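# Fold and contact review
Here is what each chain is made of, one letter per residue.
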Amino acid sequence: MINKLVEKIKKTKAPVVVGLDPMLSYIPEQIKQKSFAEFGETLEGAADAVWQFNKGIIDCVYDLLPAVKPQIAMYEQFGVEGLRAFQKTVDYCHKKDLVVIGDVKRGDIGSTSTAYAAGHLGKVAVGSSRLSVFDEDFATVNPYFGTDGIQPFLDVCKEEKKGIFILVKTSNPSSGEFQDRRIDGRPLYEYVGEKVAEWGGQLMGDTYSYVGAVVGATYPEVGKIMRKVMPKAYILVPGYGAQGGTAKDLVHYFNEDGLGAIVNSSRGIIAAYKQEQYAHFTAANYADASREAVLAMIRDLDSALQQSV
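Everything numeric here is computed off the predicted structure, so don't read it as measured data.

What follows concerns the overall build of the protein chain. Counting secondary structure elements, the protein chain contains 12 helices and 12 strands. The C-alpha radius of gyration of the protein chain comes to 19 Å, within 12% of the 19 Å expected for a compact globule of 309 residues. Judged by the C-alpha coordinates and their principal axes, the protein chain covers about 60 × 55 × 35 Å. Burial statistics for the protein chain: of 309 residues in total, 52% are counted as buried. A fraction of 72% describes how many contacts in the protein chain between residues 6 or more apart in sequence connect residues 24 or more apart.

Okay, here's the thing in structure tokens:
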């Protein structure tokens, strides 16, 4: 799957992933009212509004970019109905030939990690059948448990030709409380990055590994260092736009071939119609605003990368 992601990035010339992280507050009233009229102000009604909102955005942007990244918590908050909306979203994105990065941040040991890996990337045994469940193409994984927590994901990735993005340096302000702790004079995130490179060496695609890393846009100097530590790992970069990361901050996350990183924007795209610069689209045309925001992000990243050459 890493080969497909790289090829789609080359084809679209857009190292961009849209975070499908819908909150009800992002969803235009006309969508919510329609869903509530059919299902009531219930968890089912909320989940249907989320699905309809997602579908509108996907229909408007799928031809522009290689991948999407649904954050499962935004769906889990609505319980089983929310997970159905998550599944519908994953399936619909696949129909549009988008690569799906499940932002699930799973991490545990033994049979638990094996179950997470099977449920999100692999297959589960049901009698004599082996069945796919959520069936994302990539999943985000927490490395805190060490190799015991990662190995089941590596096994599934090898079998299914899928991938993972391991949390190395996250974009949130307090990430340094643990990730920046120095061990023998070096920050913990460097040690994690070295393990990513080691694990990834076992699972190589044509040019990049199935094992990628998450490094936030809000720490560009870290990105510059980690690009050297993990030369064959694709870097998933959250924090662009709404969290303060800028395109010029991100040039060092990429390799000299212009590849090696994919940059995420969530509410900056899916809630673009709420921003002043896109307000003229109005809530009725929220998905068109999202499309324009994607195009602006692509231009912004391309300009920064061209200037860095």
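Summed over all chains, the structure comprises 19 salt bridges. Between aspartate 103 and lysine 69 there is a salt bridge, with the nearest N and O atoms lying 2.7 Å from each other. Of this pair, aspartate 103 sits in strand E3 (residues 99–106) while lysine 69 sits in the loop between strand E2 (67–68) and helix H4 (73–76), placing them 34 residues apart in sequence. In this structure lysine 69 comes out as buried when scored by relative accessible area, which is 5%. Ionic pairing is found between glutamate 198 and lysine 195, a salt bridge with its closest N-O pair at 3.3 Å. Residue glutamate 198 and its partner lysine 195 are located together in helix H9 (residues 188–201), separated by 3 residues, close to a single helical turn. The class of lysine 195 is partly exposed, set by a relative accessible area of 29%. Counted as one network, the salt bridges with shared partners bring together Lys4, Lys8 and Asp97.

This part is about the sheet that holds strand E11 (residues 235–237). Read around the closed barrel, 8 strands run E1-E2-E3-E6-E7-E10-E11-E12, paired in parallel fashion. The sheet contact formed by strand E1 (residues 16–18) and strand E12 (residues 261–265) spans 3 bridges and is parallel. Bridge assignment links valine 17 to a residue of E12, and that residue is asparagine 264. Across the sheet, H9 is in contact with strand E7 (163–169) and strand E10 (211–215); its angle to E7 comes to roughly 160°.

Rules and cut-offs
- Residues numbered from 1 in each chain as written.
- Predicted model: local features only at pLDDT ≥ 70, side-chain atom pairs only at ≥ 80, totals over all residues.
- Heavy atoms only, no water.
- Helix = DSSP H or I, 4+ residues; strand = E, 2+ residues; numbered from the N terminus.
- Rg over C-alpha atoms; globule rule 2.2 N^0.38 Å.
- Buried < 20%, exposed > 50% of the residue type's maximum accessible area, 1.4 Å probe, protein only.
- Contact = heavy atoms within 4.5 Å.
- Salt bridge = Lys/Arg side-chain N within 4 Å of Asp/Glu carboxyl O.
- Pairing = 2+ DSSP bridges.
- Axes fitted to C-alpha atoms, helices over the stretch in contact; angles between N-to-C directions.

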